[in-house]
Structures are given as C-alpha cells and as structure tokens.
Amino acid sequence: MKITVNSSKAVKPATADAPRPDVVPLSVFDKVNFDTYVSVIYVFRPPTPPNAALEAGLARALAEYPEWAGRLGVDGRGNRAILLLNGEGARLVEATADVALDSVLPLSPAPEVRSLHPSEDGAEEVMLIQLTRFACGGLAVGFTAHHLVSDGRATNNFFLAWSQATRGVPVDPVPVHDRASFFKPRDPPRVEFDHSGVEFKKPEPAAAPLHSEAGNNVNDEVLVHKAHFSREFIARLKSQASPPGGRPCSTLRCVVAHLWRCITAARGLHAAGAATTSVCIAVDGRARMIHPVPDGYTGNVVLWARPTAAARDLVARPLRHAVELINRELARVDGSYFGSFVDFATSGAVEAEGLVPVADAAEMVLSPNIEVDSWLRIPFYDLDFGGSRPCFFMPSYLPVEGLLILVPSYYRDGSIDAYVTLFSRHMDAFKTLLVNGPTASVPIEIGPDTNTTGKITS
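Because the structure is predicted, anything quoted here is derived from the model rather than measured.

Reading the values: rules and limits
Residues numbered from 1 in each chain as written. Predicted model: local features only at pLDDT ≥ 70, side-chain atom pairs only at ≥ 80, totals over all residues. Heavy atoms only, no water. Helix = DSSP H or I, 4+ residues; strand = E, 2+ residues; numbered from the N terminus. Polar contact = N/O pair within 3.5 Å; in protein donor to acceptor, adjacent residues only side chain to side chain. Contact = heavy atoms within 4.5 Å. Core = buried A, V, L, I, M, F, W, Y, C linked by side-chain atoms within 4.5 Å. Buried < 20%, exposed > 50% of the residue type's maximum accessible area, 1.4 Å probe, protein only. Domains from an automatic or database assignment. Pairing = 2+ DSSP bridges. Axes fitted to C-alpha atoms, helices over the stretch in contact; angles between N-to-C directions. pLDDT = per-residue confidence, 0-100. Phe/Tyr/Trp six-rings, centres within 6.5 Å; stacked < 30°, edge-to-face > 60°. Lys NZ or Arg CZ within 6 Å of the ring centre and 35° of its normal.

*Asks:* How would you explain the side chain of Ser39 if you had to name every residue and give the values?
*Replies:* Looking at the secondary structure, you find Ser39 in strand β3 (residues 37-44). Only 3.3 Å separates the side chain of Ser39 from the side chain of His117, close enough to count as a polar contact. Sequence-distant contacts of Ser39, that is, excluding residues within four places in its chain, are made with His117, Phe143, Thr144, Pro395 and Ser396.

Written out as structure tokens, the structure is:
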C-alpha cells in the first residue's frame, strides 16, 4: 500500500469574526495525564462525502470545540499548563492510496498504518487529521490528538461533532468547556488517600533506566498481537469470574483478569520468587465524582486503579480471584478518591515536593506490570459523515511492552478485539496461555489475529 500526500493545510474555526485569543489553564486531571499524542484510524466504505464537505464540517466543529483549534502553552516553570485558544486551527492532510480498500482490510497493527494518520513530529497543532482516499472510493480518517487536551471519551465527542456538523445536524452532546468550576478543592480540603506515590512521583535520575528489564533489553523485539474474543468465550469467562448466584462480572473485568494472568505467566513472573505485578486501569470520573461532570465536558476526567498481586498467587489461583482484586481497586477509586486527588493536586504539595505525573509517555517497557486502555464504551462506530458508519476502527501501531488496548470488534456483535504488546520471547507462550488459560481449564476460540514487530530503543 503506497500512500501519497497531496496537500496539508490549517483548517480554522468557521466563525464570523476572528477569535479573541484566550488562555485557559489546564485542569489538574489534564496535567496529570500523558503528555503525548494518541492516534486512531477509522475506515469507511463508499460512498463518502467529498473532502471539501468534510473540511467545511471540520471548520464548523472547531467553532464548537475551540480547544482543538488552539495550541498548548507553558507556564512560568516551563511546564505544559495552559491552552491558548488562538484559533490557529487543526492540521488537515489529504492523501491517496494506490490500492482498493478490501485488499488491506482488516488493517494490521503494523508500522505501516502510521501512514494513515499525520505524524506528530514537530507539530504545533493539538489536532491533526488525514483523509486518505482509496482506489475504490473508500476513505480512511486518521486522527492524531494530544492527550493533555482531553481523554478518549471527550475526544470521541469531537469526532462525533465533526460528523454531525458535516451532515448539518445539531452537535450532541453539547460541549462544556469550563475546566475550572468542576474541580475546585473542597472546603476544607481533605487529602484522604496517598497520591504522591500513585498519580505523582519523584523525578527519576536522568541516567536511570525506565525499568530494570528495559535496561537489559533495550533492543529486544516487540510484537503487537491482535486477538478477537467472541461473545461465546466472553460468556464462558463471565461464568468463571462471577460468584455463584451473584451479579455477573462485566466484560472488561473478566477479560482484563484473564489477560493479566496470561501475560504474567507468559513472562515467567510466577516463577520469580516474590515478584509482584499490577494492572493499571483507567477510571472515568464523570459519574463517580461527588458533583458529576457532564457528558459533554471537553477535558480529561481520568484517574487509575492499580490492582496488585503476587505473581505466583495470581497465576495459581482461579480467575475469580483476579476479578476480585480488580473489583476492589475499581471500587476504591470513587467520588471520595477523586475529591481527595483534587484537594492534593491543588494544595501546592506537588510543586513543593517537586513531583511529576506517574503517567509517563516515554516509558516503553511496563513489565512486570501491564496497562489497560479500555475503549469498550466509546461509540466509535456511531461516526457518520453522511455516507455510512465505519466498517473498521483501530488504534495506531504503538509498541509499548505491556500495553493492552481493548476496542469493540468491527463485527459489532458484542465481541471485542484486544491489542496486546509483549517482548517476542514471551509472545508464543502468551498465545498458548491465551488459548488454554494459565490453568489450562478453559479452551478459547480467539479467531483472527495479527502479529507485528517493533523495536524497543533506549
């Protein structure tokens, strides 16, 4: 597949008057998140609107979401801490592919898919979009968006707004831009939980490796494996994970528990004496906070649960044990926890202690831990520019060892796809365990899968 870039331009908000530059401080949830871009790819079969119609819709959407037409700025300490609503625009790239769409579907999580979305290298924009037209008339829409501006749910709301503006229908949900009112500290503040060792940490020395395993394997090959989990297998997992007569376990929790156990066993951590492992799971605070945040809020509202276990215990005990660990930690990240985080992050302690976010985009090796990005509840397949809804959606290729991304399957039948990234020396064992489970108790039909390779570099 050869991609040819034909044009690149800035698309500014469709407003009658030039916007007055405004400065919006990032919220405590924005600043604690990953300081990096995230890229995703949507694919549409023909017919699709022409690029001119998509560009006009984008300009109207940017008028509703001025954040994505702005720029990130720094504070007096040199930290990214503000949004400049200067109306400079989002970057729109137009490209063509020399093949028919069906010849490359389903797309594999390989380095080549990066050609379907704009590169962030040297970018000043916080939103970059690429429209790639295939020989058959199909269309790939690749987004590269900065995570400090919003979380996945809010970013997808912008994608939906763009599609709605292109069709000429009202934007829904209505965007809520206020990044200050929802996250004020309580009076009096109550820091009830430890945040200096959870969301924040002391900076590591410049010469220290990101992780001991990374230091020993900085050039080790990494594989990205995509596994398809059928509804039938998920149902069997739920039956194992749920207490007898109790509430059925959710899809997210049972699948994450199964993957956590399989990855831990594949890495051989259960044979490493007192080794421990944790799974980092993003928690959306919109409905959990004492004062709920509207669905249309445009920023980040995410913290993380980190269930932890002895590796040997995690692998030896049944799936239900791992689910219980996950349930306990997810329940702990409740409204009180979110309130405690706000009180701590606004107390001045972060600055006084010289703390930095634990969320580190430069960390390329997560072993002995894993990190889960669950996008199962984000309505990616609702995107409709006026021709049809996507026939395929995927995250871009991202070779971070230990990263799991869960997305709804393009079959749209309740099945899911899991993108799992591990060192090559662990992948074969992981595949076997994925089929049989660490205790070889449950067969699984995982369906089509894809492996691609990358390199961990220092």
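Following the structure, the description resumes.
*Asks:* Could you give an account of the nonpolar core, naming the residues involved and the relevant values?
*Replies:* Soluble globular proteins tend to bury their nonpolar side chains together. Within the largest apolar cluster, 69 residues are counted, with the highest numbers of intra-cluster contacts made by Phe29, Phe183, Phe229, Leu259, Trp260, Phe341 and Phe430. Mapping this core onto the domain boundaries places at least three of its residues in each of domain 1 (3-177) and domain 2 (221-377 + 397-436). When residues no more than four places from it in sequence are discounted, the contact partners of Phe430 are His225, Leu259, Cys262, Ile263, Ala266, Val420 and Leu422. Among the nonpolar cores identified, the runner-up in size contains 67 residues, and Val40, Ile41, Val171 and Val224 belong to it.

*Asks:* Which residues make up helix α9 (residues 335-345), and what values do they have?
*Replies:* In terms of residue burial, α9 counts as a mostly covered element, since 10 of its 11 residues are buried. Among the residues of α9, those classed as buried are Gly335, Tyr337, Phe338, Gly339, Ser340, Phe341, Val342, Asp343, Phe344 and Ala345. On the buried face of α9, the contacting elements are α1 (28-31), β9 (200-201), β11 (276-284), β12 (302-305), α8 (319-332) and α10 (349-353). You can read the cap of α9 off the contacts: a side-chain oxygen lies 3.2 Å from the backbone nitrogen of Ser336, and it is on Asp334.

*Asks:* Summarise the environment of Ala110; cite the residues concerned and give the values.
*Replies:* Among the secondary structure elements, Ala110 is positioned in the loop between β6 (90-97) and β7 (127-133). Given the relative accessible area of 11%, Ala110 is considered buried. In sequence terms Ala110 and Phe182 are 72 residues apart; their C-alpha atoms lie 40 Å from each other.

*Asks:* Describe in detail the sheet that holds strand β4 (residues 71-74), supporting the description with residues and values.
*Replies:* Strand order across the open sheet formed by 3 strands is β2-β5-β4, with antiparallel pairing between neighbours. The open sheet has two free edges, formed respectively by β2 (22-25) and β4, since each of these has just one partner strand. Adjacent strand axes in the sheet meet at a mean angle of 40 degrees, parallel and antiparallel pairs treated alike. As paired strands, β2 and strand β5 (residues 80-85) are joined by 4 bridges and run antiparallel to one another. Each bridged residue has a counterpart across the sheet, and for Asp22 the counterpart in β5 is Leu85.

*Asks:* Which residues make up the confidence of the model for the protein chain, and what are the values?
*Replies:* On average, residues of the protein chain score 91 in pLDDT, and 91% of them reach the 70 mark or higher. Across residues 207-216 the pLDDT falls below 50, and counting only partners more than four positions away or on other chains, this stretch makes 16 contacts in the model. Note that residues 440-447 has pLDDT below 50 and, in this model, 25 contacts with residues that lie over four places away or in other chains.

*Asks:* Report on the sheet that holds β3, specifying residues and quantitative values.
*Replies:* Spatially, 6 strands are ordered β1-β6-β7-β8-β3-β16 in an open sheet, and the strand pairing comes out mixed. Since the sheet does not close on itself, it has two edges, and those belong to β1 (3-11) and β16 (392-395), each with one partner. Looking at each pair of strands side by side, their axes are set apart by 15 degrees on average, direction ignored. Pairing analysis gives 8 bridges linking β1 to β6, with the strands arranged antiparallel. By the bridge assignment for β6, Lys9 is matched with Leu92.

*Asks:* Pulling in residues and values, what's your account of the pairing of β3?
*Replies:* For β3, the buried fraction is high: 7 of the 8 residues fall into the buried class. Two strands pair when backbone bridges link them, and β3 and strand β8 (residues 139-146) are joined in this way by 8 bridges, in the antiparallel orientation. Within the sheet, the bridge partner assigned to Phe44 lies in β8 and is Leu139. Relative to β16, β3 runs antiparallel, the two being bridged by 4 bridges. Counterpart to Val43 in the pairing with β16 is Phe392.

*Asks:* Can you explain the packing of aromatic side chains? Please cite residues and give values.
*Replies:* Given two aromatic rings, their pairing is described by the distance between the two centres and the angle made by the two planes. Counted by the stated rule, this structure contains 28 aromatic pairs. Look at Phe29 and Phe341: their rings are 5.1 Å apart centre to centre, the planes differ by 40 degrees, and that puts the pair in the tilted class. Taken together, the residues Phe29 in helix α1 and Phe341 in helix α9 connect sequence positions 312 residues apart. Classification of Phe29 as buried rests on a relative accessible area of 0%. Between Phe34 and Trp304, the aromatic rings sit 6.4 Å apart at their centres with planes inclined by 85 degrees, giving edge-to-face as the arrangement. Linking Phe34 in the loop between α1 and β3 with Trp304 in strand β12, this pair joins segments that are 270 residues apart in sequence. Classification of Phe34 as buried rests on a relative accessible area of 15%. Members of the aromatic cluster, each reached through a chain of ring pairs, are Tyr42, Phe44, Tyr65, Trp68, Phe143, Phe158, Phe159, Trp162, Trp375, Phe380, Phe385 and Phe393. Across from the ring centre of Phe423, 4.3 Å away, lies the NZ or CZ of Arg425, which sits over that ring.

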